[in-house]
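Listed below, chain by chain, are the residues.
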Amino acid sequence: SQQGEEDPQALSIQEGENATMNCSYKTSINNLQWYRQNSGRGLVHLILIRSNEREKHSGRLRVTLDTSKKSSSLLITASRAADTASYFCATDTGRRALTFGSGTRLQVQP
Amino acid sequence: SQTIHQWPATLVQPVGSPLSLECTVEGTSNPNLYWYRQAAGRGLQLLFYSVGIGQISSEVPQNLSASRPQDRQFILSSKKLLLSDSGFYLCAWTTDANYGYTFGSGTRLTVV
């Protein structure tokens, strides 16, 4: 089963609005990462948050991590049409490789 | 600069035919290498990973295999493709767990 599960599966918003995606996981982690995938392309690393961090910012991205609830959220502020993509969380448990969730498909309407 | 090359971009193969997908990394040494598969509209499933030349770990029993003949080369193979092997295959690398993975552009495989 997937270590990380994103919620919602799909999200449609208007340009300028904020988009929030959530990720829940099951086991202890070293870090949690968020990736973006444009249709038919490879994944692009967005941001990494370590298990001892609670919040991290990068440009219009804000990531929070609550290890007690085993959950994370990705907030994209002032969204743009170019933000339309699928977003995946991935967990690093220190074993083998990253485990990815099933993703949130974000559609930003111009 | 560090780059990753994955080819071909698309591939249509008949059932029972062999498969060879290649991934190469430039600009780094001794990377950890990964093969993932993504079904349409789904997340990524780890297939194989390698921490060094000749060292391959398999995550999912199947008719696929992987090899790492050189430090920066990772090959995904099959002797006989099945319809269920269709999907989007992604190669990735990292040298530091604190900096995330870098993915190739992927290969869309359709088995007919």
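These lines cover the structure that appears in this document, whether it is placed above or below. (Residues numbered from 1 in each chain as written. Chains lettered and ligands numbered in written order. Predicted model: local features only at pLDDT ≥ 70, side-chain atom pairs only at ≥ 80, totals over all residues. Heavy atoms only, no water.)

1. A few points about the packing of aromatic side chains
Given two aromatic rings, their pairing is described by the distance between the two centres and the angle made by the two planes. All names here are of chain B. On inspection of all chains with the given rule, the structure shows ten aromatic pairs over all chains. Judged by centre distance (6.3 Å) and plane angle (40 degrees), the ring pair of tyrosine 101 and phenylalanine 103 falls under tilted. One exposure class covers both tyrosine 101 and phenylalanine 103, and it is buried. (Phe/Tyr/Trp six-rings, centres within 6.5 Å; stacked < 30°, edge-to-face > 60°. Buried < 20%, exposed > 50% of the residue type's maximum accessible area, 1.4 Å probe, protein only.)

2. Overview of the side chain of A:Asp83
Residue and element names in this part refer to chain A. Tracing the backbone shows aspartate 83 in the loop between strand S8 (71-76) and strand S9 (85-92). Take aspartate 83: its relative accessible area is 7%, and that puts it in the buried class. A polar atom in the side chain of aspartate 83 sits 2.8 Å from the backbone nitrogen of arginine 80. Beyond its immediate stretch of four places on either side in the chain, aspartate 83 contacts Arg36, Arg60, Ile76, Leu106 and Val108. (Helix = DSSP H or I, 4+ residues; strand = E, 2+ residues; numbered from the N terminus. Polar contact = N/O pair within 3.5 Å; in protein donor to acceptor, adjacent residues only side chain to side chain. Contact = heavy atoms within 4.5 Å.)

3. Details of the state of the cysteines
All names here are of chain B. On inspection of all chains with the given rule, the structure shows two disulfides over all chains. Bridging cysteine 23 to cysteine 91, the disulfide has an S-S length of 2.0 Å. In this structure, the disulfide formed by cysteine 23 and cysteine 91 twists by about -75 degrees around the S-S bond and is classed as left-handed. Separated by 68 residues along the polypeptide, cysteine 23 in strand S3 (residues 19-26) and cysteine 91 in strand S9 (residues 87-94) bring together distant segments of the chain. By relative accessible area, which is 0% here, cysteine 23 ends up buried. (Disulfide = S-S within 2.5 Å.)

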